[in-house]
Amino acid sequence: MKSSLGLLKALVVLMIAGILPLFIKQDYYIHLLILVLMWVIIGSCWNLISGYTGQVSFGQAAFFGVGAYTAGIMFTKLELSPWWGLVLGGWTAMVLALIIGYLCFRLRGPYFALATLAAGEILRLIANNWVDFTEGMVGILIMQTFSSKLPYYYMVLGLAACCLGVISLVMNSKLGYYFVSIREDQDAAESLGINTALYKNLSLLISSFFTGTAGAFYLNYMGFIDPSVVFSLHDISIQAILVGIIGGVATIWGPAIGALIMVGIQELFRTAIFGLAPKWVSQGHAMAFGILVVLTILFMSNGVVGDWSKIKRLFIRKSPEAAS
Amino acid sequence: MIIFETKDLVKFFGGLAAVNGVSFQIEQGEIFGLIGPNGSGKTTIFNLINNYFPLTSGEVLFDGRSIKNLKTHKICHLGIARTFQVVKPLARLTVLENVTASAFCRVNSIKEAQKLALEMIDFCGLMPYKEQQAKGLPIGLRKRLEITRAMATQPKILLLDETCAGLTPKEVDLAIELIKEINRRGVTIIVIEHIMKVIMTISQRILAINHGQPIAAGTPEEIARNPQVIEAYLGEEDHA
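Residues numbered from 1 in each chain as written. Chains lettered and ligands numbered in written order. Predicted model: local features only at pLDDT ≥ 70, side-chain atom pairs only at ≥ 80, totals over all residues.

Structural notes on the overall build of chain A
- Per the secondary structure count, chain A includes 17 helices and two strands.
- Taking 20 Å as the expected radius of gyration for a compact globule of 324 residues, we find that chain A reaches 20 Å, a close match to that expectation.
- By principal-axis analysis of the C-alpha atoms, chain A measures approximately 65 × 60 × 40 Å.
- Of all 324 residues assigned to chain A, the portion counted as buried reaches 46%.
- Relative to all contacts within chain A whose residues are 6 or more apart in sequence, the contacts with residues 24 or more apart total 74%. (Helix = DSSP H or I, 4+ residues; strand = E, 2+ residues; numbered from the N terminus. Rg over C-alpha atoms; globule rule 2.2 N^0.38 Å. Buried ≥ 20, exposed ≤ 12 C-beta atoms within 10 Å, placed from the backbone. Contact = placed C-beta atoms within 7 Å.)

Okay, structure coming up:
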């Protein structure tokens, strides 16, 4: 009953997203929607390994970048269409996940968080310096396939729907129970017959697969990547965490809402509130994120979705006529 | 039939022998008590049995097969479940979710797992609390949740680590009833307990240990009269 209601909600959201381009004609807004959907994927993936499974990742950029560079290098070295990256980017990211998981998941404590943080930075430096293979800081430039933004929009919408679909299927199965058990108490989980190392690895594999695929999509859509963009600590890894925290950790819809808010705020600052504010405001987006996180943690530690009932109450109290 | 056996369990933490030469055999269907003063190594024995700590030396046999090198989760799948003295509920999950998670040890689909979980919740008397979050339960119910969760893995042997500590006398009576009922279902039980009323009424045989070494074994009556046990618990007479 509960799950069929959730499915209905998901279908309605998907339908609205599907017909949105009929009403929004400007490329600029479609572009923003594409970014939002991309962040839905990255945020949801972070949420799976960190929110549900409790293994906090500070390095989603590593998977994102590996996916993007898989597509890029196949283009520059093998002269294959970068669209192949969409097929293979997720798999190469999974290989990286296997290595990190193998090394870290038999340990307890902050090792995984530190290792993911390091992995992103190491890969960024490698991509910067291994010029023969990655083109270094010059980056990889491709010709975009479509001049219209619509194909990209529907593609990333499909990816995001797949990603959310898989995650919600997983969370409504044995795997989901196991992931959450590991988050709550690893010792108890192990003594209840849960192979904690295996299931942490599985969670990371799923998470890395979609993040890598999103990376490959990013190259195809933007037409350009360089190491400081796709392996960025603050623009990818940290922002993935922010999307999760602000939207709501360990909720299916949290990262989706989080992505909407984050992309919105980022754009607001990047354009200095659509040119209405003085130019220096555009430098302040990092600070704005910082303030937003502090406020979120102080006043709604479960994020927008997790504390939705709290937020509703707040608004109802302010305008009693709306309640009646 | 001997279902479970330990031979010369030894565990050193650095230079400290936490458990040193503990051997015992357990019959199928028995309730076996493990007693000893605080810090005598009882919980460590449990941690050795399910390989939460690796053994320094010794042997653990279950159904005639060595399990000493198996991972903790494998041992649970074989049929040895445990509860924790310091309870470890999955705090932010409900009682039903807690038990369902452990029921997945035997079944794969959510439906079956929930059915098994509800059966166990009913059996252990937690039905009224099934939708409550585990972290909101009082200690008596949390201890009971530990048992319920362990039972949902359908064990052949259940290791109970002080499941009656901190309970009110009435709750203790209920716990005794529950343990006896679990035993009637054919589950062999090893129980660590400080409350003498519990250990003396339910166990068929008792092993007393002190400083990691066995000091006496026998029926509850024999143990209660054993001078070494009395000394370990109360100190020597002429020192008083």
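Now, onward.
Points about the domain arrangement of chain B
All names here are of chain B.
- Entries for chain B in the domain assignment read domain 1 (2–79 + 155–239) and domain 2 (87–154).
- On the domain 2 side, the residues contacting the 11 residues of domain 1 number 11 residues.
- For the side of domain 1 that touches domain 2, the elements supplying multiple residues, two or more each, are α2 (72–78) and α6 (169–184).
- Looking at the side of domain 1 that touches domain 2 residue by residue, the classes come out as six nonpolar, four polar and one charged. (Domains from an automatic or database assignment. Nonpolar A, V, L, I, M, F, W, Y, C, P; charged D, E, K, R; others polar.)

As for the interface of chain B and chain A
- Contacts between chain B and chain A engage 21 residues on the former and 17 residues on the latter.
- At the level of elements, α2 and α3 (95–103) of chain B are the ones that each hand at least two residues to the side of chain B that touches chain A.
- Broken down by element, the residue count for the side of chain B that touches chain A peaks at four residues, all from α2(B).
- In terms of residue class, the side of chain B that touches chain A is built from nine nonpolar, eight polar and four charged.

Some points on the sheet that holds strand β6 (residues 80–82) of chain B
Residue and element names in this part refer to chain B.
- Ordered in space as β6-β7-β8-β3-β9-β10, the six strands form an open sheet in which the pairing is mixed. For this open sheet the edge positions go to β6 and β10 (213–218), each flanked by a neighbour on one side alone. This sheet shows a mean twist of 20° between the axes of neighbouring strands, independent of strand direction.
- Summarising the sheet, strand β7 (residues 157–161) and strand β8 (residues 188–192) pair through five bridges and their orientation is parallel. Paired with L158 across the strands is I189, a residue of β8.
- Sheet strands in contact with helix α1 (residues 42–49) are β3 (31–35), β6, β7, β8 and β9 (205–210), and its direction is about 145° off that of β7.
- Seen against the sheet, α6 touches β3, β7 and β8 and runs at an angle of roughly 150° to β8. (Pairing = 2+ DSSP bridges. Axes fitted to C-alpha atoms, helices over the stretch in contact; angles between N-to-C directions.)

Digging into the pairing of β10(B)
Residues and elements named next belong to chain B.
- Pairing geometry for β9 and β10, over five bridges, is antiparallel. Residue pairing across strands places A208 opposite A216, the latter belonging to β10.
- A loop of two residues connects β9 with β10, the two strands running antiparallel in sequence, and H211 in this loop sits at a positive phi of about 50°.

Focus on the packing of helix α3 (residues 60–78) of chain A against helix α12 (residues 233–247) of chain A
Residues and elements named next belong to chain A.
- Taken N-terminus to C-terminus, the directions of α3 and α12 make an angle of 120°; their axes are 8 Å apart at the nearest point. Classified by the angle their axes make, α3 and α12 are oblique. Handedness of the crossing formed by α3 with α12: right-handed. Across from Q60, A61 and F64 in α3, the residues of α12 making contact are L233, I236, S237 and A240.
- In terms of residue class, the contact of α3 with α12 is built from five nonpolar, two polar and no charged. (Parallel < 35°, antiparallel > 145°, perpendicular 65-115°, else oblique. Left-handed = near helix turned anticlockwise from the far one by under 90°.)

Details of the sheet that holds strand β1 (residues 2–13) of chain B
Residue and element names in this part refer to chain B.
- Taken together, four strands build an open sheet; the order of strands is β2-β1-β4-β5 and the sheet is antiparallel. Whereas interior strands pair on both sides, the edge strands pair on one side only; in this sheet they are β2 (16–27) and β5 (65–66).
- Relative to β5, strand β4 (residues 57–62) runs antiparallel, the two being bridged by two bridges. Residue pairing for β5: F62 is matched across the bridge by R65.

Some remarks on the nonpolar core
- M38(A), W39(A), I41(A), I189(B) and V191(B) are the most contacted members of the largest nonpolar core, which totals 159 residues.
- Of all the elements, helix α2 (residues 27–52) of chain A adds the most residues to this core, at 15 residues.
- Built from parts of two domains, this core gets at least three residues from each of domain 1 (2–79 + 155–239) and domain 2 (87–154) of chain B.
- Apart from residues no more than four positions distant in its own chain, V191(B) is found in contact with I31(B), G33(B), L34(B), L160(B), I179(B), I199(B), I202(B) and S203(B). (Core = buried A, V, L, I, M, F, W, Y, C linked by C-beta atoms within 7 Å.)

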